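Remarks on the overall topology
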Amino acid sequence: MHILVKEINVPAGNRCRFFVVGGKSPRYGFTLIELLIVVAVIGILAAIAIPAFSVYRVRSYNSSALSDLHATKVILESFYYDQKEYP
C-alpha cells in the first residue's frame with residue numbers, strides 16, 4: 001500500500017507540515033532538520049559557556065583561599081597578643 005504525501009500551505013503559526021492524501025488528519029511535528037539545528041545551537045552555546053564557567057570557578061576558589069588565609073592571620077595575631085608567642 002502506497003501513501004501519497006504532499007506539502008500544503010498553511011497559515012503561519014500552525015505546525016502542520018504534511019497532509020496525507022486520503023488520510024483523515026494532518027501530521028503535526030518538527031522535521032529532522034529543525035531538531036538537528038536546535039541540537040547544534042545548544043552545542044555551540046555550551047561550548048562557549050563551559051570555559052567561562054570554569055574561569056569563574058577558579059576565581060571563587062582563589063577568593064575563598066584568600067579569605068581563609070585572612071581568618072588564619074587574625075586568629076594567629078589574637079593568640080600572639082594574648083600569649084606573647086606564636087603557637
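Anything mentioned here points back to the structure above.
What counts as what
Residues numbered from 1 in each chain as written. Predicted model: local features only at pLDDT ≥ 70, side-chain atom pairs only at ≥ 80, totals over all residues. Heavy atoms only, no water. Helix = DSSP H or I, 4+ residues; strand = E, 2+ residues; numbered from the N terminus. Buried < 20%, exposed > 50% of the residue type's maximum accessible area, 1.4 Å probe, protein only. Contact = heavy atoms within 4.5 Å. Areas by Shrake-Rupley, 256 points an atom, 1.4 Å probe, with all protein chains shown as cover. Patch = residues over 30% accessible without salt bridge, like charges linked within 9 Å, V, L, I, M, F, W, Y side chains within 5 Å. Salt bridge = Lys/Arg side-chain N within 4 Å of Asp/Glu carboxyl O. Expected span 1.5 Å × (residues − 1). Phe/Tyr/Trp six-rings, centres within 6.5 Å; stacked < 30°, edge-to-face > 60°.

**Things to note about the overall build of the chain**
Looking only at helices and strands, the chain has one helix and three strands in total. Taking all 87 residues of the chain together, the buried fraction comes to 2%. When contacts within the chain are restricted to residue pairs at least 6 apart in sequence, those whose partners lie at least 24 apart make up 0%. A total accessible area of about 8,000 Å² is found for the chain, and carbon and sulfur atoms account for 66% of it.

**Section: a nonpolar patch on the surface**
Together, Leu 32, Ile 33, Leu 36, Ile 37, Val 41, Ile 44, Leu 45 and Ile 48 give the surface a local cluster of nonpolar side chains, amounting to about 830 Å² of exposed area. Counting through the fold element by element, Ile 44 comes out in helix H1 (residues 32-83).

**Details of H1**
For H1, spanning 52 residues, the distance from its first C-alpha to its last is 75 Å, which sits close to the expected 76 Å at 1.5 Å a residue. Trailing H1 by a residue or two, Lys 84 shows a phi angle of about 60°, which is positive.

**Quick notes on the packing of aromatic side chains**
Considering all chains together, one arrives at two aromatic pairs under this definition. Centroid distance Tyr 80 to Tyr 81: 6.1 Å. Interplanar angle 65°. Geometry classified as edge-to-face. A residue is classified by how much of its surface remains accessible, and Tyr 80, at 33% relative accessible area, is partly exposed. Residue classification places Tyr 81 among the exposed positions, given a relative accessible area of 57%.

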